[in-house]
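Take a look at the letters that make up each chain.
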Amino acid sequence: DSSGNNQYGPRTATQKLESVTSSWTNVPANTYNEKTGTATRARLITKAEAESVGCTESTNSCPTWLIESSYDHWTSTPLSSNPSSAWIVSLQAYRNVRRATVSDHSYSSGMRAVITISK
């Protein structure tokens, strides 16, 4: 959000996801934040999930299907050492996960929604 602080999680992204997915009927809502009751039908990928498909901080480590975009995209994983930073999945030039500050990437970062489908 405009505070540049993510110590409570990706608030702006979560609020936008809640807004744009509220009418989805075939995807169950998941409570993102117990304190505020924020529920979304989609969420941001975590750094751990990106790592589980091969992304590391090394260049060209992420699979192509995850990074096909004109923009970096935020994960929901903040940097514990800096509340104005988070991990991003970097676009095709780097194809990796890396640290980013809110102010450095506000011009070129987006969101990629993740949904959970029951088997």
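Fair warning: this is a prediction, and the values are worked out from it, not measured in the lab.

Here is what the cut-offs are and how they apply
- Residues numbered from 1 in each chain as written.
- Predicted model: local features only at pLDDT ≥ 70, side-chain atom pairs only at ≥ 80, totals over all residues.
- Heavy atoms only, no water.
- Salt bridge = Lys/Arg side-chain N within 4 Å of Asp/Glu carboxyl O.
- Buried < 20%, exposed > 50% of the residue type's maximum accessible area, 1.4 Å probe, protein only.
- Helix = DSSP H or I, 4+ residues; strand = E, 2+ residues; numbered from the N terminus.
- Core = buried A, V, L, I, M, F, W, Y, C linked by side-chain atoms within 4.5 Å.
- Contact = heavy atoms within 4.5 Å.
- Polar contact = N/O pair within 3.5 Å; in protein donor to acceptor, adjacent residues only side chain to side chain.
- Phe/Tyr/Trp six-rings, centres within 6.5 Å; stacked < 30°, edge-to-face > 60°.
- Lys NZ or Arg CZ within 6 Å of the ring centre and 35° of its normal.
- Pairing = 2+ DSSP bridges.

Time to look at the pattern of salt bridges. This structure, assessed with the given rule, holds two salt bridges. The residue E49 makes a salt bridge to R43 at a minimum N-O spacing of 2.6 Å. With relative accessibility at 28%, the residue R43 sits in the partly exposed group. Taking the shortest distance from any N to any O, the salt bridge between K47 and E51 comes out at 2.6 Å. One end of the pair, K47, and the other, E51, are both in helix α2 (residues 47–52), four residues apart, so they sit about a helical turn from each other.

What follows is about the nonpolar core. Membership of the largest hydrophobic core is limited to eight residues, which are I45, A50, C55, C62, L66, I67, V89 and V97. Among all residues touching V89, those that are not within four sequence positions of it are I45, A50, C62, L66, I67, D72, H73, T75, N96 and V97.

What follows is about the side chain of T21. Structurally, T21 is set in helix α1 (residues 11–21). Here the side chain of T21 touches R41 through a polar contact of 3.2 Å, landing on its backbone nitrogen.

Following the criterion strictly, the structure yields zero aromatic pairs and no others. Against the face of W87 rests K47, its NZ or CZ located 4.2 Å from the ring centre.

In terms of strand pairing, strand β4 (residues 72–79) meets strand β5 (residues 82–89) through four bridges, oriented antiparallel. By the bridge assignment, P78 is partnered in β5 with A86. Connecting the antiparallel pair β4 and β5 is a turn made up of two residues. Sheet topology note: the β5/strand β6 (residues 97–101) ladder contains five bridges and is antiparallel. Each bridged residue has a counterpart across the sheet, and for S85 the counterpart in β6 is T101.

Quick look at the side chain of S61 now. Of note, S61 is situated in the loop between α2 and α3 (64–67). A distance of 2.8 Å separates a polar side-chain atom of S61 from the backbone nitrogen of T56. Contacts of S61, omitting those with residues within four sequence positions, involve G54, C55, T56, R95 and N96.

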